[in-house]
Number of protein chains: 2
Amino acid sequence: MVTLAEVAQHAGVSASTVSYVLSGKRSISMGTRQRVEQSIQELGYHPNAGARALASNKSNIVALMVPLRTDMYVPVMMEIAIAVATTARAYGYDVLLLTGEEGPDAVRRVTGSGLADAMILMDVELDDERLPLLRGTDQPSVLIGLPADTSGLTCVDLDFGATGALCVEHLAMLGHRDIAVIGEAPAVYERHTGFAERTLDGLRSRARELGLRVLHRPCEGGYDALAATLARIFDERPGTTGFVVQNESAVEPLLALLRQQGRAVPEDVSVIGICPDQVAVQASVRLTSVAIPAQEMGRRAVEQLVAKLDGRDTDEVALLAPELTVRASTGPLSATG
Amino acid sequence: MVTLAEVAQHAGVSASTVSYVLSGKRSISMGTRQRVEQSIQELGYHPNAGARALASNKSNIVALMVPLRTDMYVPVMMEIAIAVATTARAYGYDVLLLTGEEGPDAVRRVTGSGLADAMILMDVELDDERLPLLRGTDQPSVLIGLPADTSGLTCVDLDFGATGALCVEHLAMLGHRDIAVIGEAPAVYERHTGFAERTLDGLRSRARELGLRVLHRPCEGGYDALAATLARIFDERPGTTGFVVQNESAVEPLLALLRQQGRAVPEDVSVIGICPDQVAVQASVRLTSVAIPAQEMGRRAVEQLVAKLDGRDTDEVALLAPELTVRASTGPLSATG
DNA sequence: AGTCGTTGTCGAAGCGCTTCGACAAAGTAT
DNA sequence: ATACTTTGTCGAAGCGCTTCGACAACGACT
């Protein structure tokens, strides 16, 4: 391993000078800078991360806590994670991957050991047990997702309330009166993951304003589960003509089953997805959808974090505005509907 | 921040004693050990990662390099990543997430800076540009995937050759003679990702032995792409009755299109998927499949790495045996076929 | 009783870096 | 020319830990 001292000797300067060349924290004459940089090149020097962390008290690492469970939105999680990693690198940070498994202990460990300078938490529950720890430490953090109480926290998320409202508005505009929501798996609601409930709230309150009726059913992915759910929906509300699907793995089964039952999309029934664009585009009927801006979320989270680390002020809560893309799965309610 | 010295003072011992309690590298009397542990508890001490790394010359971090592109098998990648993180934690290591973006530079950076003690590389290409670097350093590494030349490297992967052969055998046994392979997107073959080619090789050579005919077509995911591909297949080989699909996002479109064309699965046509079990189970026809053991791969990679770090010998190449699970999408060729 | 391991503890050195204060050398204002 | 600032460099201290050698204290052998 090449050390700072060796570079210094090779360049004929002191160690501190090399350090200042690297950090730019003091001015260095052109000649010296060039000689040092040359030596760094020639010797193939890389600063030792541990020594740097020890001396400067910063690790240049941000921790990213991803959910352990993979019961939902895996591609979204992955996309966020990759966006976080990519953006972080652009700001000179590396990313430490933590799974939710360790829970609050991971927060304590990382905070206490100085392993990371800051944290990003995904899959935040409404009343997440990690939050008190974050509030009680001076380690900067950003949540991707929205807990019930955001005081003292910085959050980035899609505005799921507005997303729900947007879906209703689109369906209402097309003349639909009875709407069914195919939701995430029951487990997602049971652990009070915010986004699912917020979507529902936004959707319901806008529906009330516009005079639509809403029936919500959580649903596991796959054909069998969806077949059962769909049967119950049409049983209870035979006049249902609009669907909002917030569950990637229910999209295709829903389209298939509707087709099978002789209900044409979009002539008889309209379907809106809340899902990444890729899913919407690849479906058997190109899906009208509200996109989940995974990359944007990851990027914004890192930017907020970097701002905090640089001592700049940041938004408390940054909600991204939803955008609805009309494709082939929604249309005006026909007269016979 | 609580330091070792403070713990030592609180417990009435020297710093080195506390260190030895923590590491267990020298024997400590019961009484002392207990007093120290008590102090650690009371003060809420966490060893400083940077100082530890500097003094011991090991970071207890392994780097995981995931592909930046998300054009294939995203859930598999995610599952591997999570398995790596979970297993690594069990061995006391944290995981640093690197994207393929930086390419070989990331290897140099991590190796040179002592940021990580070891690396795991995913999405290895047959002639990967990162390999010379790995061979030229004494930093332990494990590849998930198989390059063309494995000398001096440790690799973990599913035995895709055997996987291809297994698919052919199953179809042959059922009486099928003409087989079509729906492959990954052309880009995957173009960058010479090993697994796709190896599947094909294994499949073709076994087919030759058994006297089956094989037609291979790369294919993007989604309905439109698959519709075109399928048309060409039946055009060229109208008698095709067996399908092997190595592309998650082609499974559902294939099943839908076959249904639409009046070809019953499995009565007229048999379909085998090479995909995670979850995909196979959630498909509209429960899919006979060879599973991609993502978790197992991640776990094994970490275990190999830890073995190397502990100075134990490891396998050069660990190929996991494929397992075929018969479900509802394959059956004997009917007399009329 | 004297010698020899053991066992448990300590002090000190050192890992490679950052950063502070000191200080020549050079430039600027008087 | 003198005093004063600015610029560029250096030496030394110190970040918190691990680890080596030293060495009391103690029981186990002759």
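In this text the structure is predicted, and so the values were computed from the model without any measurement. (Residues numbered from 1 in each chain as written. Chains lettered and ligands numbered in written order. Predicted model: local features only at pLDDT ≥ 70, side-chain atom pairs only at ≥ 80, totals over all residues. Heavy atoms only, no water.)

1. Details of the overall build of chain A
We count it as follows: Secondary structure elements are defined from DSSP: runs of H or I of at least 4 residues count as helices, runs of E of at least 2 residues count as strands, and each element is numbered from the N terminus. Two things to know: the radius of gyration comes from C-alpha atoms, and the globule rule equals 2.2 Å times the number of residues to the power 0.38. For every residue, the accessible area (1.4 Å probe, protein chains only) is compared with the maximum for its type, and the residue is labelled buried under 20%, exposed over 50%, or partly exposed between those bounds. Throughout, a residue-residue contact means that at least one pair of heavy atoms, one from each residue, lies within 4.5 Å.
Of the regular secondary structure elements, chain A holds 14 helices and 12 strands. Over its C-alpha atoms chain A spans a radius of gyration of 26 Å, topping by over 25% the 20 Å that the globule rule assigns to 337 residues. For chain A, the spread of C-alpha atoms along the principal axes amounts to about 90 × 35 × 35 Å. By residue count, 54% of the 337 residues in chain A fall in the buried class. Of the contacts made within chain A by residues no fewer than 6 positions apart, 71% connect residues no fewer than 24 positions apart.

2. A short note on the protein's contact with DNA strand D
Filter applied, for reference: Put simply, a residue is near a molecule or strand once any heavy atom of it comes within 4 Å of that molecule or strand. Between N or O atoms, a polar contact is any pair within 3.5 Å; within protein, one atom must be a potential hydrogen donor and the other a potential acceptor, and residues adjacent in sequence are included only when both atoms are from side chains.
As a structural note, the neighbourhood of DNA strand D is formed by 27 residues, with Thr17 and Thr32 of chain A together with Leu4, Arg26 and Tyr45 of chain B the closest of them. Within 4 Å of the protein, the contacting atoms of DNA strand D are 56% sugar and phosphate, with bases supplying the remainder. The contact in question runs from a base oxygen of DNA strand D to an N or O atom on the side chain of serine 16 of chain A, over 3.2 Å. When contributions to the surface near DNA strand D are tallied by element, the ones reaching two or more residues are α2 (15–23) and α4 (49–56) of chain A together with α2 (15–23) and α4 (49–56) of chain B. For the surface near DNA strand D, the element with the most residues is α4 of chain B, which contributes four residues.

3. Focus on the pairing of strand β11 (residues 317–320) of chain B
All names here are of chain B. Put simply, the rule reads: The pairing criterion for strands is at least two bridges between them, as found by DSSP.
Taking every second residue as pointing to the same face, the buried face of β11 carries Ala318 and Leu320, while none of Val317 and Leu319 on the other face is buried. Here strand β5 (residues 155–158) pairs with β11 via four bridges, running parallel. Paired with valine 156 across the strands is alanine 318, a residue of β11.

4. What about the pattern of salt bridges?
Quick note on the threshold: Should a side-chain nitrogen of Lys or Arg be within 4 Å of a carboxyl oxygen of Asp or Glu, the pair is scored as a salt bridge.
What the rule picks out here adds up to 34 salt bridges over all chains. Of the charged contacts in the structure, one is a salt bridge between arginine 89 of chain A and aspartate 94 of chain A, with a shortest N-O distance of 3.6 Å. A relative accessible area of 22% places arginine 89 of chain A in the partly exposed class. Since its relative accessible area comes to 4%, aspartate 94 of chain A is described here as buried. Among the salt bridges present, the one from arginine 327 of chain B reaches aspartate 277 of chain B, with a minimum N-O distance of 3.2 Å. Separated by 50 residues along the polypeptide, arginine 327 of chain B in the segment after β12 (324–325) and aspartate 277 of chain B in helix α13 (residues 277–282) bring together distant segments of the chain. With relative accessibility at 34%, the residue aspartate 277 of chain B sits in the partly exposed group. One continuous salt-bridge network, built from bridges that share partners, spans Arg89 and Asp94 of chain A together with Glu102 and Arg109 of chain B.

5. Digging into the protein's contact with DNA strand C
Note the cut-off: Lys, Arg, Asp and Glu make up the charged group, whereas Ala, Val, Leu, Ile, Met, Phe, Trp, Tyr, Cys and Pro make up the nonpolar group; the residues left over, Gly among them, are polar.
Within the structure, DNA strand C sits among 27 residues, and Leu4, Arg26 and Tyr45 of chain A together with Ser27 and Thr32 of chain B are positioned closest to it. A distance of 3.0 Å separates a phosphate oxygen of DNA strand C from a polar side-chain atom of lysine 25 of chain A. Here a phosphate oxygen of DNA strand C and a side-chain polar atom of serine 27 of chain B are 2.5 Å apart. Residue assignment for the surface near DNA strand C shows that the elements contributing at least two residues are α2 and α4 of chain A together with α2 and α4 of chain B. Looking at the surface near DNA strand C element by element, the count peaks at five residues for α4 of chain A. In terms of residue class, the surface near DNA strand C is made up of 12 nonpolar, 11 polar and four charged.

6. Regarding the sheet that holds strand β3 (residues 118–121) of chain B
Formally: Under this scheme, a helix contributes an axis fitted over its contacting stretch, all axes are lines through C-alpha atoms, and angles between N-to-C directions fall in the 0 to 180 degree range.
Across the sheet, which stays open at both edges, the 12 strands sit in the order β11(A)-β5(A)-β4(A)-β3(A)-β1(A)-β2(A)-β2(B)-β1(B)-β3(B)-β4(B)-β5(B)-β11(B) with mixed pairing between neighbours. Here the strands that pair on one side only, and so sit at the sheet edges, are β11 (317–320) of chain A together with β11 of chain B. Strand-to-strand twist in this sheet, taken as the mean axis angle between neighbours without regard to direction, amounts to 20°. Two elements, strand β1 (residues 61–66) of chain B and strand β2 (residues 94–99) of chain B, share six bridges in a ladder whose sense is parallel. When the sheet's bridge partners are listed, valine 66 of chain B is paired in β2 of chain B with threonine 99 of chain B. Running over the sheet, helix α5 (residues 74–90) of chain B touches β2 (94–99) of chain A together with β1, β2, β3 and β4 (141–144) of chain B and is turned about 80° from β2 of chain A.

7. Topic: the domain arrangement of chain A
The following threshold applies: Marked domain ranges trace back to an automatic or database domain assignment.
What the domain assignment reports for chain A is domain 1 (4–47), domain 2 (61–158 + 294–320) and domain 3 (160–292). Look at where the C-alpha atoms of domain 1 of chain A and domain 3 of chain A centre, and you get two points 61 Å apart.

8. Points about the interface of chain A and chain B
Applied cut-off: The buried area of a pairing is the accessible area, by a 1.4 Å probe, that goes missing from both parts when the two are put together, added over both.
If you look at the interface, chain A gives 44 residues, while chain B gives 44 residues. Considering only the side of chain A, the residues that lose the most area to chain B are Met78, Leu97 and Gln282 of chain A, jointly responsible for 15% of the buried surface there. For the interface between chain A and chain B, the tally reads four salt bridges. For the salt bridge of aspartate 94 of chain B with arginine 109 of chain A, the shortest nitrogen-to-oxygen distance reads 2.7 Å. Our count for the chain A to chain B interface comes out at 10 residue pairs in polar contact (both at pLDDT 80 or more). Mapped by element, the contributors of at least two residues to the side of chain A that touches chain B are α4, α5 (74–90), β2, α6 (104–113) and α12 (248–260) of chain A.

9. Comments concerning the packing of aromatic side chains
We apply this condition: Working definition: rings of Phe, Tyr and Trp (its six-membered ring) pair if their centres are within 6.5 Å, and the pair is stacked with planes under 30 degrees apart, edge-to-face with planes over 60 apart, and tilted otherwise. The criterion is that NZ of a Lys, or CZ of an Arg, lies within 6 Å of the ring centre and within 35 degrees of the ring normal, and then a charge sits over that ring.
Enumeration according to the criterion identifies four aromatic pairs over all chains in this entry. Judged by centre distance (5.9 Å) and plane angle (70°), the rings of phenylalanine 234 of chain A and phenylalanine 243 of chain A are edge-to-face. The two residues phenylalanine 234 of chain A and phenylalanine 243 of chain A agree in class, both being buried. Taken together, a centroid distance of 5.2 Å and an interplanar angle of 50° make the contact between phenylalanine 160 of chain B and phenylalanine 195 of chain B tilted. In this pair, phenylalanine 160 of chain B is assigned in helix α8 (residues 160–173) and phenylalanine 195 of chain B in helix α10 (residues 194–210), connecting sequence segments 35 residues apart. Of the two residues, phenylalanine 160 of chain B and phenylalanine 195 of chain B, neither departs from the other in class, the shared state being buried. Positioned above the aromatic ring of phenylalanine 234 of chain A is the side chain of arginine 263 of chain A, whose terminal nitrogen or guanidinium carbon lies 3.5 Å from the ring centre.

10. Some remarks on α12 of chain A
Residue and element names in this part refer to chain A. For α12, the tally of buried residues reaches 10 of 13 residues, placing the bulk of the element in the interior. Of the positions making up α12, those classed as buried are Glu248, Ala250, Val251, Glu252, Pro253, Leu254, Leu255, Ala256, Leu257 and Leu258. Of the residues one or two after α12, glycine 262 is the one with positive phi, at around 80°.

11. A short note on the relation of the copies chain A and chain B
Worth spelling out the cut-off: Least squares is used to superpose the copies, and the fit set is the C-alpha atoms of residues whose pLDDT is at least 70 in both copies.
The transformation that overlays chain A on chain B combines an axial shift of 0.0 Å with a rotation of 180°, and the residual RMSD is 0.1 Å. Expressed as an axis order, the relation between the two copies is that of a two-fold axis. Most of the interface of chain A is mirrored in chain B, where 100% of its interface residues again form contacts.

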